[in-house]
Amino acid sequence: MKHSGYFNQFGGAFIPEILVPTFDQLEAAYLEAKADPAFWAEYKQLMSTYSCRATPITYAENLTHHFGGAQIYIKREDLNHTGAHKANNVMGQGLLTRRMGKKRVIAETGAGQHGVATATMAAKFGFDCTIYMGAVDVERQRPNVFWMEQMGAEVVAVEDGSRTLKDAINEAFRDWVTNMDDTHYALGTACGPYPFPEMVSWFQSIIGTEARQQMLERVGKLPDRVYACVGGGSNAMGLFSGFLDDPEVELVGVEAGGRGSGIGEHAARLAYDDASVGVAQGYKTYFLQNRDGQMQDTHSVSAGLDYVGVSPILADMHETGRARFEAATDAEVVEAMKLTVQKEGLIPALESSHAFVQAFKDAADMHSDQVILINQSGRADKDIFTVADAIDDPKWKQFIIAKADEYKKANPELAIAGGV
Ligand SMILES: *Cc1c(COP(=O)(O)O)cnc(C)c1O
């Protein structure tokens, strides 16, 4: 490999020997594409005709007045096709897959959002597609599984281990080892072995590049602080990329604080002290693990932020102090989301709402000539079951019960098979 893929002590590529040629091929294709201005031009063209780019920046006037501090702007990644920034990554990897002459893509997915985005890309490019998803998640995320299958993807329910995301990742790597000649593994975030953290961040940098220019045009200056939620770290890396060379811009990443500190209660690898540095899933970073290196359970109200590891690039930015990391609790997240819906008519995903929590806390203490920018990484339509539960809306419950009754009457044999 030409690059070590290290960000100080973090990163690397701890991969089985058999995958080394595949990673070399991917690295070469990525570096070539990066050096070829025609590739980025084609990528931008694809994103502007298929996924609503450039996404706008919205001035949140009512929230700004509500907090009475800094001016609040919002980058609208929720307007992407499939409802989140994930489209930036999968479409870029789709172009790269075609460039490598491969005809099949595989991906892991937890909540199903990356699975849906990848299945969409595969349909658009005419690739075969297999999505690995923990069996527990397949049961929990039926609407996303439904769309993946409609788009022609095969969804494999992984029965190993805890039957969730990390098991799906292991299974995807197993597939890749057997099918590397014709298959690309479209990893979903800025994690994993080199070159994935850097390559995914490069595709997502379209967020920050646009945002920087839009702020200069609209506001006439750079934001004082920018905020993004951090799962694996791809939307945060995307936004931060636009401001890395502007030391006066503070970068703030917000992790899932869940029910508060303590192993199993959250997924904050950087903001809390429960994680430690280790090597797993092909790279070195902070993991929520025990002393033997066994991955621990995580919890978050938002399915997209409950990963045990974090981007090695963000781990390094944490260590060097270039970025600040905070955590938002489930309860704070639901409140920030409700407020944003009521005040602005915007519907940030539960993931994105983590960034809003910290931005709101800070904005109130800032001066009215200061400016902050929040990345609304996705929209919450997908979260309606969770949000309606959290808000405890009685009319929603009646609706679900009525629907279930309707189905039971129409399908008596299924009702018995499902044990209801
Ligand atoms: C998947 C997802 C995330 C978390 O992923 P990152 O790689 O950390 O960006 C955040 N927001 C939304 C809306 C998502 O769907």
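Residues numbered from 1 in each chain as written. Predicted model: local features only at pLDDT ≥ 70, side-chain atom pairs only at ≥ 80, totals over all residues. Heavy atoms only, no water.

### Brief notes about the packing of helix α10 (residues 234-241) against helix α11 (residues 312-320)
1) Next: At a minimum axis separation of 10 Å, α10 and α11 run at an interaxial angle of 60°. Relative to α11, α10 is oriented oblique. Judged by the twist between their axes, the crossing of α10 over α11 is left-handed. Facing Ala236, Met237 and Phe240 of α10, the residues of α11 in contact are Ile313, Leu314 and Met317.
2) Next: Broken down by class, the residue content of the contact of α10 with α11 amounts to six nonpolar, no polar and no charged. (Axes fitted to C-alpha atoms, helices over the stretch in contact; angles between N-to-C directions. Helix = DSSP H or I, 4+ residues; strand = E, 2+ residues; numbered from the N terminus. Parallel < 35°, antiparallel > 145°, perpendicular 65-115°, else oblique. Left-handed = near helix turned anticlockwise from the far one by under 90°. Contact = heavy atoms within 4.5 Å. Nonpolar A, V, L, I, M, F, W, Y, C, P; charged D, E, K, R; others polar.)

### Brief notes about the environment of Tyr30
1) Next: Topologically, Tyr30 is positioned in helix α1 (residues 20-35).
2) Next: Relative accessible area serves as the criterion here: at 0%, Tyr30 is assigned to the buried category.
3) Next: The spatial distance from the C-alpha of Tyr30 to the C-alpha of Phe196 is 9.6 Å, given a sequence separation of 166 residues. (Buried < 20%, exposed > 50% of the residue type's maximum accessible area, 1.4 Å probe, protein only.)

### Quick look at the sheet that holds strand β7 (residues 154-158)
1) Next: With parallel pairing, four strands are arranged side by side in an open sheet as β7-β6-β5-β8. Strand pairing shows two members of the sheet lacking a second neighbour, β7 and β8 (183-185), which therefore form its edges. On average, each strand axis in the sheet is tilted by 20° relative to the strand beside it, whichever way the strands run. (Pairing = 2+ DSSP bridges.)

### Notes on the packing of aromatic side chains
1) Next: As enumerated under the stated definition, the model contains 23 aromatic pairs in all.
2) Next: In textbook terms, an aromatic cluster arises when at least three aromatic residues are bridged by ring pairs, as seen for Tyr30, Phe39, Trp40, Tyr43, Trp202 and Phe203. (Phe/Tyr/Trp six-rings, centres within 6.5 Å; stacked < 30°, edge-to-face > 60°.)

### Overview of the site of the ligand
1) Next: The full set close to the ligand counts 17 residues, and Lys86, Thr189, Gly231, Ser234 and Ser377 are the nearest of them.
2) Next: Here an oxygen atom of the ligand sits 2.7 Å away from a polar atom, N or O, in the main chain of Gly231.
3) Next: At 3.1 Å from an oxygen atom of the ligand is found a main-chain nitrogen or oxygen belonging to Gly232.
4) Next: Computed on the free molecule, the ligand has an accessible area of 390 Å², of which 96% lies beneath the protein chains in the complex.
5) Next: Per-class residue counts for the shell around the ligand are five nonpolar, ten polar and two charged.
6) Next: A domain split of the shell around the ligand shows at least three residues from each of domain 1 (2-48 + 84-196) and domain 2 (53-80 + 204-385). (Near = heavy atom within 4 Å. Polar contact = N/O pair within 3.5 Å; in protein donor to acceptor, adjacent residues only side chain to side chain. Areas by Shrake-Rupley, 256 points an atom, 1.4 Å probe, with all protein chains shown as cover. Domains from an automatic or database assignment.)

### As for the domain arrangement of the protein
1) Next: Domain annotation for the protein reports domain 1 (2-48 + 84-196), domain 2 (53-80 + 204-385) and domain 3 (386-416).
2) Next: The distance between the C-alpha centroids of domain 2 and domain 3 comes to 33 Å.
3) Next: Each side of the interface is counted separately: domain 2 has eight residues, and domain 3 has eight residues.
4) Next: Of the roughly 690 Å² buried where domain 2 meets domain 3, counting both sides, 74% is carbon and sulfur surface.
5) Next: When the buried area of domain 2 at its contact with domain 3 is split by residue, Val334, Ile384 and Phe385 rank highest and sum to 61% of it.
6) Next: On inspection of domain 2 and its partner domain 3, the count reaches zero salt bridges.
7) Next: Across the domain 2-domain 3 interface, the total number found is six residue pairs in polar contact (both at pLDDT 80 or more).
8) Next: When residues of the side of domain 2 that touches domain 3 are traced back to their parent elements, those giving at least two are α12 (330-344) and α14 (384-391).
9) Next: Looking at the side of domain 2 that touches domain 3, the element that brings in the most residues is α12, giving three residues.
10) Next: Broken down by class, the residue content of the side of domain 2 that touches domain 3 amounts to six nonpolar, no polar and two charged. (Buried area = accessible area lost by both parts, 1.4 Å probe. Salt bridge = Lys/Arg side-chain N within 4 Å of Asp/Glu carboxyl O.)

### Focus: the pattern of salt bridges
Any two side chains of opposite charge can pair, given that their charged atoms come close.
1) Next: A full pass over the atoms with the stated rule returns 27 salt bridges.
2) Next: Between Arg225 and Asp362 there is a salt bridge; the shortest N-O distance is 3.4 Å. You can see Arg225 sitting in strand β9 (residues 225-229) and its partner Asp362 sitting in helix α13 (residues 350-363), a full 137 residues away along the chain.
3) Next: By relative accessible area, which is 22% here, Arg225 ends up partly exposed.
4) Next: In this structure, the salt-bridge partner of Arg324 is Glu326, at a minimum N-O distance of 2.7 Å.

### Notes on helix α9 (residues 196-218)
1) Next: Between the first and last C-alpha of α9 there are 33 Å, a value that for 23 residues agrees with the 33 Å anticipated at 1.5 Å per step.
2) Next: Its axis deflected by about 40° at Phe203, α9 carries its strongest bend there.
3) Next: For α9, the tally of buried residues reaches 17 of 23 residues, placing the bulk of the element in the interior.
4) Next: At the exit of α9 stands Gly220, carrying a positive phi of roughly 80°. (Expected span 1.5 Å × (residues − 1). Bend = angle between axes of the 7 residues up to and from the residue.)

### Considering the side chain of Ser51
1) Next: Residue position: Ser51 is located in the loop between α2 (37-50) and β3 (57-59).
2) Next: Reaching out from Ser51, the side chain makes a polar contact with the side chain of Asn80 at a distance of 2.8 Å.
3) Next: Among all residues touching Ser51, those that are not within four sequence positions of it are Leu46, Leu79, Asn80, His81 and Ala87.

### Considering the pairing of strand β4 (residues 71-76)
1) Next: Burial analysis of β4 places five of its six residues in the buried class, the great majority of the element.
2) Next: As defined by bridge partners, β3 adjoins β4 across three bridges and the pair is classed as antiparallel. Paired with Tyr59 across the bridge in β4 is Tyr73.
3) Next: As defined by bridge partners, β4 adjoins strand β14 (residues 371-376) across six bridges and the pair is classed as parallel.

### Quick notes on the sheet that holds β4
1) Next: Read across the open sheet, the six strands follow the order β3-β4-β14-β9-β10-β13; overall the sheet is mixed. If you trace the sheet from one side to the other, it starts and ends with β3 and β13 (323-329), each paired once. On average, each strand axis in the sheet is tilted by 25° relative to the strand beside it, whichever way the strands run.
2) Next: Packed on one face of the sheet, α9 meets β3, β4 and β14 and runs near 140° to β4.
3) Next: Lying over the sheet, α11 contacts β10 (250-258) and β13, oriented at roughly 110° with respect to β13.

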